[in-house]
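# Geometric and topological summary
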Amino acid sequence: MLMLNVDARVREGLGEANISMVMRDQQGRSQFAAATFVAREMTPLQAKLQAIIAGIQTGIQQRFCRF
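Residues numbered from 1 in each chain as written. Predicted model: local features only at pLDDT ≥ 70, side-chain atom pairs only at ≥ 80, totals over all residues. Heavy atoms only, no water.

## Brief notes about the UniProt feature "domain: RNase H type-1" (unreviewed entry) in the protein
Using the residue numbers shown here, the UniProt feature "domain: RNase H type-1" (unreviewed entry) corresponds to residues 5-62. Structurally, residues 5-62 is divided into 31% helix and 43% strand, and its ends, taken at the C-alpha atoms, are 16 Å apart. (UniProt positions renumbered as here; feature names shortened; annotations may be inferred. Helix = DSSP H or I, 4+ residues; strand = E, 2+ residues; numbered from the N terminus.)

## Observations regarding the nonpolar core
The biggest cluster of nonpolar side chains holds six residues, and these are Ala17, Ile19, Val38, Met42, Ala47 and Ala51. Of all the secondary structure elements, the ones that give two or more residues to this core are strand E2 (16-24) and helix H1 (44-61). (Core = buried A, V, L, I, M, F, W, Y, C linked by side-chain atoms within 4.5 Å. Buried < 20%, exposed > 50% of the residue type's maximum accessible area, 1.4 Å probe, protein only.)

## With respect to H1
With 18 residues, H1 extends 26 Å from end C-alpha to end C-alpha; this agrees with the ideal 26 Å at 1.5 Å per step. Among the residues making up H1, those that are buried are Ala47, Ala51, Ala54, Gly55, Thr58 and Gly59. Taken end-on, H1 shows its buried residues confined to a sector of 135°, consistent with a single buried face. Pointing more than 90 degrees away from the buried face of H1 are the exposed residues Leu45 and Ile60. Of the surrounding elements, those touching the buried residues of H1 are strand E1 (3-11), E2 and strand E3 (30-38). (Expected span 1.5 Å × (residues − 1). Arc of directions from axis to C-beta. Contact = heavy atoms within 4.5 Å.)

## A look at the pattern of salt bridges
With the rule as written, the count across this model stands at three salt bridges. For Glu16, the salt bridge identified is with Arg11, shortest N-O distance 3.5 Å. Overall, Glu16 belongs to the partly exposed group, its relative accessible area being 25%. We classify Arg11 as partly exposed; its relative accessible area is 36%. A salt bridge links Arg29 to Asp25; the nearest nitrogen and oxygen atoms lie 2.9 Å apart. Using a relative accessible area of 14% as the deciding quantity, one classes Asp25 as buried. (Salt bridge = Lys/Arg side-chain N within 4 Å of Asp/Glu carboxyl O.)

## A few points about the pairing of E3
Of the pairings in the sheet, the one linking E2 to E3 comprises eight bridges and is antiparallel in character. When the bridges of E3 are listed, Arg24 appears paired with Ser30. The turn linking E2 back onto E3 is made up of five residues, and Gly28 within it adopts a positive phi angle of 85°. (Pairing = 2+ DSSP bridges.)

## A word on the sheet that holds E1
Strand order in the open sheet formed by three strands is E1-E2-E3, and the pairing between neighbours is antiparallel. The open sheet has two edge strands, E1 and E3, and neither has a second partner. Across the sheet, the axes of successive neighbouring strands diverge by a mean angle of 10°, strand direction being ignored. (Axes fitted to C-alpha atoms, helices over the stretch in contact; angles between N-to-C directions.)

Following this line, the structure appears as structure tokens:
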């Protein structure tokens, strides 16, 4: 089973956000990590949700069976 950790940073008023995600196994070893820049105004909650969506999409694409 894998665990998805996400983080997001928003620069309000500048229309910028950074999102990142890490998938770890049961021993805490990183199986996948990514970060991306988003050029769009959003709230911190929206940025965090974008990171979660990206993590789920990645899990499906990588064919991780349980995450």
